[in-house]
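Report on the structure
This is what each chain is made of:
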Amino acid sequence: MRQVLLAASFGLIITLFGTPVAIRALVRQGYGQLIRDDGPTSHHTKRGTPTMGGAVIIAGTLIGYFGAHLLTWSETTVSGLLVLFLMTGLGLVGFLDDYIKVAKQRSLGLRAWAKLGGQSLVAVTFAVLAVNFPDRSGFTPASTEISFIRDTGLGLGAVLFVGWAYLMIAGTSNGVNLTDGLDGLAAGCCAIVLLAFTAMCFITAGPGQTDLALLSACLVGACVGFLWFNSFPASVFMGDTGSLGLGGAIAGLAVMTKTEVLLLLIGGIFVIEALSVLIQVFAFQRFRRRVFLMAPIHHHFEMMAWSETKIILRFWIVAAICSAIGFTLYQQSIA
């Protein structure tokens, strides 16, 4: 427990004090957010708000994780290091995307093939390493077992598992990316989901799971500290740097705890956001009609004249309900 609280405190403090420094640096460099003309008109006032703030979340998590281990003289585990690798790798892809946007002053950064290729490379590398390198304790960070609840389910071959892990990682990282459309929406939802993973890992015995609890807590602290400046009206945006990195961390935790399918419930808010886009695209291409006024779905409610804070708070509530139900199912499965 002491390690977990220490890691959460490190993540919180680093982002609380590091984010203002990052904001000033981003402003000096002119790294402001570009707003798409086809988005809600109310967002045009946000043009120029510093972006790429997700780099602070990633830095805070890395410093907090290794700092907690150094102060408590505890060893890192393969499971924790692999999740950090996934988060940092996808965060780097997002950073390149954000940098191209602000450097070239356009709403699109990396080409679709380049962004997909970068995500694929990181995700596949993570999956291959996860099934081949156990911790010193003998805990296997991941296995070819797909499960709804831990340690039960359908076994797959290694090749199929890598494909499955890639789908989970790509889906989650892009789901968080789609959710990052309102001030504080993605950061708050991620903090709630990661808090559920912290509790799930903490109640499960084993060095590997304990280290994942420490890492999850560090991520929660980093998200909350960043949210202090990212909440409405935002002083900084996380950008793809943060959304892809956080999505990767959440997916990695699900793979390591063998709760990939349960993630569909715990991260239900990200599923809803992604499904709204898929439904909108399918309906328009097939029937030339729109189901929502605008997608992702949080923009639909904006077009219905809901205030931004009202949408954010209600989405946080939905995220909390989904995470609570998912945690309860997990807890019952190991009882």
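Residues numbered from 1 in each chain as written. Predicted model: local features only at pLDDT ≥ 70, side-chain atom pairs only at ≥ 80, totals over all residues. Heavy atoms only, no water.

**Brief notes about the overall build of the protein**
- A tally of helices and strands in the protein yields 12 helices and 2 strands.
- For the protein, the succession of helices and strands along the chain, N to C, is α-α-α-α-β-β-α-α-α-α-α-α-α-α.
- The burial tally for the protein puts 51% of its 335 residues in the buried class.
- When the accessible surface of the protein is totalled, it reaches about 14800 Å², and 69% of it is carbon and sulfur. (Helix = DSSP H or I, 4+ residues; strand = E, 2+ residues; numbered from the N terminus. Buried < 20%, exposed > 50% of the residue type's maximum accessible area, 1.4 Å probe, protein only. Areas by Shrake-Rupley, 256 points an atom, 1.4 Å probe, with all protein chains shown as cover.)

**What about helix H2 (residues 54-72)?**
- Taking 1.5 Å as the rise per residue, H2 with 19 residues should run 27 Å; its terminal C-alpha atoms sit 27 Å apart, in good agreement.
- The complete set of buried residues in H2 reads Gly-54, Val-56, Ile-57, Ile-58, Gly-60, Thr-61, Gly-64, Tyr-65, Gly-67, Ala-68, His-69 and Thr-72.
- Phi turns positive one or two residues past the end of H2, at Trp-73, with a value near 55 degrees. (Expected span 1.5 Å × (residues − 1).)

**Looking at the packing of helix H1 (residues 2-29) against H2**
- Two numbers describe how H1 lies on H2: the axes approach to 8 Å, and their chain directions differ by 140 degrees. Of the two possible hands of crossing, H1 and H2 adopt the one that is right-handed. Note on element contacts: H2 touches H1 through Val-56, Ile-57, Gly-60, Ile-63, Gly-64, Gly-67, Ala-68, His-69, Leu-71 and Thr-72, opposite Arg-2, Gln-3, Leu-6, Ala-7, Phe-10, Gly-11, Ile-14, Thr-15, Gly-18, Thr-19 and Ala-22.
- Here the residues of the contact of H1 with H2 sort into 10 nonpolar, 10 polar and 1 charged. (Axes fitted to C-alpha atoms, helices over the stretch in contact; angles between N-to-C directions. Left-handed = near helix turned anticlockwise from the far one by under 90°. Contact = heavy atoms within 4.5 Å. Nonpolar A, V, L, I, M, F, W, Y, C, P; charged D, E, K, R; others polar.)

**A word on the packing of aromatic side chains**
- As enumerated under the stated definition, the model contains 5 aromatic pairs in all.
- Between the NZ or CZ atom of Lys-310 and the centre of the ring of Trp-306, over which it lies, the distance is 4.9 Å.
- The side chain of Arg-314 reaches across the aromatic face of Trp-306, ending 5.0 Å from its centre. (Phe/Tyr/Trp six-rings, centres within 6.5 Å; stacked < 30°, edge-to-face > 60°. Lys NZ or Arg CZ within 6 Å of the ring centre and 35° of its normal.)

**A closer look at the confidence of the model for the protein**
- With 87% of its residues at a pLDDT of 70 or more, the protein shows a mean pLDDT of 88.
- Mean pLDDT values over the elements of the protein span from 51, in strand S2 (residues 154-155), up to 96, in helix H6 (residues 185-202). (pLDDT = per-residue confidence, 0-100.)

**Some points on unusual backbone geometry**
- Each neighbour pair has its own omega, and for Phe-232 with Pro-233 the value is -10 degrees, a cis peptide bond.
- With respect to the secondary-structure elements, Pro-233 resides in the loop between helix H7 (207-230) and helix H8 (239-256).
- With omega at 0 degrees, the peptide bond leading from Ala-295 into Pro-296 counts as cis.
- Non-glycine residue Met-52 carries a positive phi angle of around 70 degrees.

**Side note on the environment of Gly-118**
- Mapped onto the secondary structure, Gly-118 falls in helix H4 (residues 112-130).
- Measuring from C-alpha to C-alpha, the distance between Gly-118 and Gly-94 comes to 9.3 Å, with 24 residues separating the pair along the chain.

**Here's the deal with the packing of H2 against H8**
- Viewed as axis vectors pointing N to C, H2 and H8 meet at an angle of 45 degrees, and their least axial separation amounts to 6 Å. By the angle between their axes, H2 is oblique relative to H8. Of the residues in H8, those in contact with Gly-54, Ala-55, Ile-57 and Ile-58 of H2 are Thr-241, Gly-242 and Leu-246.
- Of the residues assigned to the contact of H2 with H8, the class counts are 4 nonpolar, 3 polar and no charged. (Parallel < 35°, antiparallel > 145°, perpendicular 65-115°, else oblique.)

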